[in-house]
Amino acid sequence: MKPNCVGKEIHSVGNLIKRQVDNLSSIRYADQLTGTNGWIIDYLYHHQDQDIFQKDIEEIFEVTRSTASKVITLMEKKGMLTRTTVPHDARLKKLTLTPLALEMEATILNDIQQFEKQLIKGLNEQEINFLFHCLSKIRNNIRSF
């Protein structure tokens, strides 16, 4: 493969991942839920002991402020999360899952785990570690562009 095809290949794989995630049973079951919503719910669920804000979502999911704002606003309208002011800074709004989102988490987690297994099928631990290593380098290259 030629070096000038790396971006195209990563983009194509990203499209395939998005399409598959949007078709997971938990996503279809919840009607208004998207794959990105599922990942955000899963992240918030596993970090309930921390204050998570929009800025954190921007950084973790590598999205712009406007994209994060739109996604969070839609999730709030769908009843999946709430934004709560924190005592130490009224400008900050902590993201908290609603009972509806907590109810969906078990199904979302199962779907994510099954999907992750499919993604790495046929790869050994060394190959997976190398993949993460390469993706980290690529991410850093893009950030420094």
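Here the structure is a predicted model, which means the values were calculated and not measured.

Per the secondary structure count, the protein includes seven helices and two strands. Along the protein, helices (α) and strands (β) appear in the sequence α-α-α-α-α-β-β-α-α when read from the amino end. Expressed along its principal axes, the backbone C-alpha trace of the protein runs to roughly 50 × 35 × 25 Å. The 145 residues of the protein split such that 25% are buried. Surface summary for the protein: the accessible area is close to 10,300 Å², and the carbon and sulfur share equals 56%. Charge separation in the protein, taken as the distance between the mean sites of 19 positive and 18 negative side-chain charges, equals 7 Å.

Looking now at helix H3 (residues 35-46). A rise of 1.5 Å per residue sets the reference length of H3, with its 12 residues, at 16 Å; its end C-alpha atoms lie 17 Å apart and thus fit the reference within 8%. Turning to H3, its buried residues number three or more, namely Gly-35, Asn-37, Gly-38, Ile-40, Ile-41, Asp-42, Tyr-43 and Leu-44.

Here we come to the environment of Lys-55. Structurally, the position occupied by Lys-55 is in helix H4 (residues 54-60). For the pair Lys-55 and Ala-68, spaced 13 residues apart in the sequence, the C-alpha separation amounts to 8.2 Å.

Before going further, it helps to spend a moment on the environment of Glu-58. For Glu-58, the position within the fold is in helix H4. Note: C-alpha distance between Glu-58 and Ala-68 (10 residues apart in sequence) is 5.9 Å. Contacts of Glu-58, omitting those with residues within four sequence positions, involve Val-63, Thr-64, Arg-65 and Ala-68.

Another aspect to go through is the packing of aromatic side chains. Scanning all chains against the criterion turns up one aromatic pair. Ring geometry for Tyr-43 against Phe-61: centres 6.2 Å apart, planes inclined by 80 degrees, an arrangement best described as edge-to-face. Taken together, the positions of Tyr-43 in helix H3 and Phe-61 in the loop between H4 and helix H5 (65-77) put the pair 18 residues apart, joining distant regions of the chain.

Moving on to the pattern of salt bridges. Applying the stated criterion across every chain, the model contains seven salt bridges. Across the pair Arg-139 and Glu-62 runs a salt bridge, and its minimum N-O distance is 3.4 Å. With Arg-139 in helix H7 (residues 125-143) and Glu-62 in the loop between H4 and H5, this residue pair connects regions lying 77 residues apart in the sequence. The closest approach of N and O atoms between Asp-89 and Arg-91, which form a salt bridge, is 2.9 Å.

Procedures and definitions
- Residues numbered from 1 in each chain as written.
- Predicted model: local features only at pLDDT ≥ 70, side-chain atom pairs only at ≥ 80, totals over all residues.
- Heavy atoms only, no water.
- Helix = DSSP H or I, 4+ residues; strand = E, 2+ residues; numbered from the N terminus.
- Buried < 20%, exposed > 50% of the residue type's maximum accessible area, 1.4 Å probe, protein only.
- Areas by Shrake-Rupley, 256 points an atom, 1.4 Å probe, with all protein chains shown as cover.
- Lys, Arg positive; Asp, Glu negative; His and termini not counted.
- Charge placed at Lys NZ, Arg CZ, Asp CG, Glu CD.
- Expected span 1.5 Å × (residues − 1).
- Contact = heavy atoms within 4.5 Å.
- Phe/Tyr/Trp six-rings, centres within 6.5 Å; stacked < 30°, edge-to-face > 60°.
- Salt bridge = Lys/Arg side-chain N within 4 Å of Asp/Glu carboxyl O.

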